[in-house]
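Next come the chains, spelled out residue by residue.
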Amino acid sequence: MAEKNLKDLFLHTLKDVYFAEHEILKALPKMAQAAQRAELKEAFGTHRAQTELQVQRLKDVFALLDQQPQSEPCKAIQGIIAEGQEVMQTFAGGPALDAGLIAAAQAVEHYEIARYGALRSWAEIAGLEDAAELLDETLEEEKDTDALLTQLAEERANFESV
C-alpha cells in the first residue's frame, strides 16, 4: 500500500467536511424550528444560508484540485448532530432548550473551526493559495457564528434556563 501524503489527507478531510456541511444543512432547519427565542431562530436561519455558500466554496476547492465534489461519511459530525437531536427531544418546551441548542450548535462550530483551520494550513503548505483563501473565508464565518452563539447564550439563554 502506497504511503499517504498531505495531499491525500487534505482531500480526505475536504470530503469529510463536504459531508458534514450537507448534514448541517439538514439539521439547521430542525434546530431553528425547535428554538424558542426569535434571535436564535434567526441565527440558525442565517447560518443555514451561510452554510449553502460554504458548500459552494468547497465545490470551488474541489474544482481547484481537478476533483469532483465527493462526501466521506463523518461519524464525528453524525454524533454531534445526534446529540443536538437528543437535546431537542429531552428539553422540548422547557426553559433550558435554547441553552442546549446553542451548546449543540457550538459543538458543530468547534468541529468546523478545527477542520477548516487544518485544511487552510495544509492548503498553504501545499501552495494552494486560492484554496487557502476560500477555506479561510469559511473559517472566519465559523468563528463569527461561534461568537454570536456565545453572545446569545451569555446574554439570555443560559440565565433563562435556571
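Residues numbered from 1 in each chain as written. Predicted model: local features only at pLDDT ≥ 70, side-chain atom pairs only at ≥ 80, totals over all residues. Heavy atoms only, no water.

Student: Any chance you could break down unusual backbone geometry for me, citing the residues and the numbers?
Tutor: The backbone phi angle of Asp66 is positive, close to 60°, even though this residue is not glycine. Position of Asp66 relative to the elements: it lies in the loop between helix H2 (38–64) and helix H3 (75–90). (Helix = DSSP H or I, 4+ residues; strand = E, 2+ residues; numbered from the N terminus.)

Student: Please set out the pattern of salt bridges residue by residue, giving values where relevant.
Tutor: Applying the stated criterion across every chain yields a total of 11 salt bridges. The partner of Arg48 in a salt bridge is Glu52, with the nearest N and O atoms 2.4 Å apart. Here Arg48 pairs with Glu52, and both are found in helix H2, just 4 residues apart, close to one helical turn. We classify Arg48 as partly exposed; its relative accessible area is 29%. Here the salt bridges share partners, and the residues they tie into one network are Arg37, Glu39, Arg156 and Glu160. (Salt bridge = Lys/Arg side-chain N within 4 Å of Asp/Glu carboxyl O. Buried < 20%, exposed > 50% of the residue type's maximum accessible area, 1.4 Å probe, protein only.)

Student: Tell me what's going on with the side chain of His47, and back it up with residues and numbers.
Tutor: Here His47 shows up in helix H2. Residue classification places His47 among the buried residues on the basis of a relative accessible area of 4%. For His47, the side chain forms a polar contact with the side chain of Gln50, separated by 2.9 Å. Contact partners of His47, with chain neighbours within four places excluded, come to Leu28, Gln54, Glu109, Glu112, Glu142 and Thr145. (Polar contact = N/O pair within 3.5 Å; in protein donor to acceptor, adjacent residues only side chain to side chain. Contact = heavy atoms within 4.5 Å.)

Student: Mind laying out the side chain of Thr13, listing which residues take part and the relevant values?
Tutor: On the secondary structure map, Thr13 appears in helix H1 (residues 6–34). Assessed through its relative accessible area of 3%, Thr13 is described here as buried. Every residue in contact with Thr13, bar those within four places of it in the chain, is listed here: Arg115, Leu119 and Trp122.

Student: Report on the packing of H3 against helix H4 (residues 97–125), specifying residues and quantitative values.
Tutor: Running from amino to carboxyl end, H3 crosses H4 at an angle of 175°, the nearest separation of the two axes being 9 Å. If you check the angle between H3 and H4, you find them roughly antiparallel. The segment H3 lies against H4, with Ala76, Ile77, Ile80, Gly84, Val87 and Met88 engaging Leu97, Gly100, Leu101, Ala104, Ala107, Val108 and Tyr111. When the residues that make up the contact of H3 with H4 are grouped by side-chain class, the tally is 11 nonpolar, 2 polar and no charged. (Axes fitted to C-alpha atoms, helices over the stretch in contact; angles between N-to-C directions. Parallel < 35°, antiparallel > 145°, perpendicular 65-115°, else oblique. Nonpolar A, V, L, I, M, F, W, Y, C, P; charged D, E, K, R; others polar.)

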